[in-house]
Amino acid sequence: MTTAKFLFSDDTIISFELSGHSGAGEYGTDIVCSAVSSAVYMAANTIIEIMKLNPQAEVRDGYLKLEMSFEDARKSKVITDGLYLHLSELQGQYPNNLKLERGVFDA
């Protein structure tokens, strides 16, 4: 199962962290993993490469974490809100493969 953890400060996503593999299919053919990965990488790449923000990022196989300052998080709010909504919808379609967790950012 893929777990997506979002940390909020008020209504703003400060951090998102994804880990695991969805297990919806064999490696390379897993549509849930592909959908989640594509959405997360698009959000992260937009924040870093297009918006030129400088979050702390960690990426390795089956894992991505992005953490931003509150100022950068406010600037990228539309992107991260869209990611959260997209993954929420995917979780509704694939509840056995994707789990969203929502927490409060504790600075």
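Refer to the structure above for everything that follows.
To keep things clear, this report deals only with the structure shown in the data block. Counting from 1, residues in each chain are numbered in the order their sequence is written. Note on the predicted model: pLDDT of at least 70 is required for a residue's local features to be given, and 80 or more for side-chain atom pairs to be given and counted; whole-chain, interface and lining totals, by contrast, use all residues. Each side-chain value is derived from all of the structure's non-hydrogen atoms; neither hydrogens nor water enter the calculation.

## Topic: the overall build of the protein chain
Argument step 1. Each helix and strand counted, the protein chain has three helices and five strands in total.
Argument step 2. Relative to the compact-globule value of 13 Å for 107 residues, the protein chain shows a C-alpha radius of gyration of 13 Å, a close match.
Argument step 3. A principal-axis box enclosing the C-alpha atoms of the protein chain has dimensions of 40 × 25 × 20 Å.
Argument step 4. Classification of residues uses two cut-offs on accessible area relative to the type maximum, computed with a 1.4 Å probe and protein chains only: under 20% is buried, over 50% is exposed, and between them is partly exposed. Taking all 107 residues of the protein chain together, the buried fraction comes to 37%.
Argument step 5. Restricting the contact set of the protein chain to residue pairs at least 6 apart, pairs at least 24 apart contribute 59%.
Argument step 6. Taken as a whole, the protein chain presents about 6,300 Å² of accessible surface, with 51% of it coming from carbon and sulfur. Strands here are runs of E lasting at least two residues and helices are runs of H or I lasting at least four, both read from the DSSP assignment and numbered beginning at the N terminus. When we talk radius of gyration, it's over C-alpha atoms, and the globule rule is simply 2.2 Å times the number of residues to the 0.38. Residue contacts follow a heavy-atom distance rule, with two residues in contact if any of their heavy atoms lie within 4.5 Å. We get accessible surface area from the Shrake-Rupley algorithm with a probe of 1.4 Å; when it comes to residues, only the shown protein chains can shield them.

## Considerations on the sheet that holds strand β2 (residues 12-19)
Through backbone hydrogen bonds, the strands of a sheet pair up, either in parallel or in antiparallel fashion.
Argument step 1. Only when DSSP finds a minimum of two bridges between them are two strands counted as paired. Pairing is mixed across the open sheet formed by five strands, whose spatial order is β3-β4-β2-β1-β5. Looking at strand neighbours, the two that pair on one side only are β3 (56-60) and β5 (98-104), the edges of this open sheet. Here the average twist between neighbouring strands, direction ignored, is 15 degrees.
Argument step 2. For β3 and strand β4 (residues 63-67), the ladder comprises five bridges, and the chain directions are antiparallel. If you follow Glu58 over to β4, its bridge partner there is Lys65.
Argument step 3. Lines are fitted to the C-alpha atoms to define the axes, a helix being fitted only along its stretch in contact, and any angle between axes, read from their N-to-C directions, falls within 0 to 180 degrees. Helix α1 (residues 31-50) rests against β1 (2-9), β2, β3, β4 and β5 of the sheet, and its axis sits at about 35 degrees to β4.
Argument step 4. Against the sheet, helix α3 (residues 77-93) makes contact with β1, β2 and β5, and its axis sits at roughly 140 degrees relative to β5, the strand it touches most.

## Examining the side chain of Thr80
Argument step 1. The residue Thr80 is located in helix α3 in this model.
Argument step 2. What Thr80 contacts, discounting residues up to four positions off in sequence, is Ile13, Phe16, Ile47 and Met68.

## Digging into the environment of Gly82
Argument step 1. Considering the arrangement of structural elements, one finds Gly82 in helix α3.
Argument step 2. For Gly82, a relative accessible area of 34% gives the class partly exposed.
Argument step 3. In sequence terms Gly82 and Ala43 are 39 residues apart; their C-alpha atoms lie 8.6 Å from each other.

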